[in-house]
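Residue-level listing of the chains:
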Amino acid sequence: MLNKRVWKRLLGVEHTVIERLEVEEAGRGEPVLVAHVRPDARRVIAASSEQTRLLELFQLQSRQGPCLDCFATGRPVRVADLAAEASRWPLFSAAALDAGYGGVVALPMRMRERIIGAMNLFTAPSTVLAVDEATTVQSLGQAMADVATIGILGERAAREHQLLSQQLQIALNTRVLIEQAKGMLAERHQTSLDQAFAALRAQARNTNRKLADLAQAVIDDDPAVAGFLHRQHDPGRPVDNG
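Residues numbered from 1 in each chain as written. Predicted model: local features only at pLDDT ≥ 70, side-chain atom pairs only at ≥ 80, totals over all residues. Heavy atoms only, no water.

Q: Would you take a moment to explain the overall build of the protein chain for this structure?
A: Scanning the protein chain for helices and strands turns up eight helices and five strands. Helices and strands appear in the protein chain in the N-to-C order α-β-β-α-α-β-α-β-β-α-α-α-α. Out of the 242 residues belonging to the protein chain, those deemed buried represent 42%. Within the protein chain, contacts between residues at least 6 apart in sequence are counted, and of these 60% link residues at least 24 apart. (Helix = DSSP H or I, 4+ residues; strand = E, 2+ residues; numbered from the N terminus. Buried < 20%, exposed > 50% of the residue type's maximum accessible area, 1.4 Å probe, protein only. Contact = heavy atoms within 4.5 Å.)

The following block contains the structure:
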């Protein structure tokens, strides 16, 4: 989901398109924006109205429409009159016309060669754009898509970095627990660190417990694991080194 900062910037560019070129929601003069990320995953991440959100969900469910074509090819798709080209996407066109939209521009959300989604801009049936106006709509719309793409990828990178940091911290904490438990066992039973670790690992396997959980139990002097090292080192049974 777009964060508030990215969404605010995106809507700022969107209003520029609305004010200059009359790209609007039919009958209400509201901006119309729908952004997809990974249409193959059937996900609409942002829409400027509930009506457009439902229309885009229908597009994904019916597996036809300009956004899907745009995502597949990585190229803009512009249709000035959906009624005249209804055969191109019969189900989507009928739904869009029924919702009060007459045209659509689908723009790729891309960073270099990487395409992460597509964005639709809808026009009302009464909106007739000259060639130069339509080109400007597409250019400004692409600027909107670029802003969204940068924001999404930046947010995704930040999340991945945070997840990696958390995973590294968990691994470090686990290692510290195990090393501490090894030291305690080696000291408590006057054995080597390698033997202590072998016994710890064998007990974890035998009891189907995570090594870190067992190490924590050793550190906490849990009675349930007290003395297991002695049992592991019983003269009649070798330590599991495997």
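Q: How do you make sense of the packing of aromatic side chains when you look at a structure like this?
A: Describing an aromatic ring pair means giving the distance of the ring centres and the angle of the ring planes. This model, assessed by the stated rule, comprises two aromatic pairs. Pairing Trp 89 with Phe 92 gives two aromatic rings, centres 6.2 Å apart and planes at 85°, and the pair type is edge-to-face. With respect to class, Trp 89 is no different from Phe 92; both count as buried. (Phe/Tyr/Trp six-rings, centres within 6.5 Å; stacked < 30°, edge-to-face > 60°.)

Q: Explain the environment of Lys 182 here, please?
A: Take Lys 182: it is sitting in helix H5 (residues 131-189). A C-alpha to C-alpha distance of 5.4 Å links Lys 182 and Ala 196, two positions 14 residues apart in sequence. Not counting residues within four places of it along the chain, the set of residues in contact with Lys 182 comprises Leu 193, Ala 196 and Phe 197.

Q: What is the right way to look at the pattern of salt bridges in this model?
A: Note that side chains of opposite charge can pair when their charged atoms are close. Summed over all chains, the structure comprises five salt bridges. For Arg 53, the salt bridge is made with Glu 50, and the minimal N-O distance between the two is 2.7 Å. Here Arg 53 pairs with Glu 50, and both are found in helix H2 (residues 50-62), just three residues apart, close to one helical turn. With relative accessibility at 45%, the residue Glu 50 sits in the partly exposed group. In the salt-bridge network here, residues are joined through shared partners; they are Arg 175, Glu 179 and Lys 182. (Salt bridge = Lys/Arg side-chain N within 4 Å of Asp/Glu carboxyl O.)

Q: What is the right way to look at helix H7 (residues 211-219) in this model?
A: The α-helix winds at 3.6 residues per turn, so residues separated by three or four positions along the chain end up facing the same way. Among the residues making up H7, those that are buried are Ala 212, Leu 214, Ala 215, Ala 217, Val 218 and Ile 219. Looking one or two residues beyond H7, the residue adopting positive phi is Asp 221, at roughly 55°.

Q: I keep staring at unusual backbone geometry and nothing clicks. Help me out?
A: Phi is mostly negative for residues that are not glycine, and the peptide bonds are mostly trans. Phi is positive for Asn 208, which is not a glycine, with a value near 55°. Take Asn 208: it is sitting in the loop between helix H6 (193-207) and H7. Within the chain, Asp 221 stands out as a residue other than glycine whose phi angle is a positive 55°. Structurally, the position occupied by Asp 221 is in the loop between H7 and helix H8 (228-232).

Q: Please clarify how the packing of H2 against helix H3 (residues 66-73) should be interpreted in this entry.
A: Remark: H2 packs on H3, axes separated minimally by 9 Å, with the N-to-C direction vectors making an angle of 60°. Classified by the interaxial angle, the pair formed by H2 and H3 is oblique. Every residue of H3 that contacts H2 at Glu 56, Gln 59 and Leu 60 is listed here: Pro 66, Cys 67 and Leu 68. (Axes fitted to C-alpha atoms, helices over the stretch in contact; angles between N-to-C directions. Parallel < 35°, antiparallel > 145°, perpendicular 65-115°, else oblique.)

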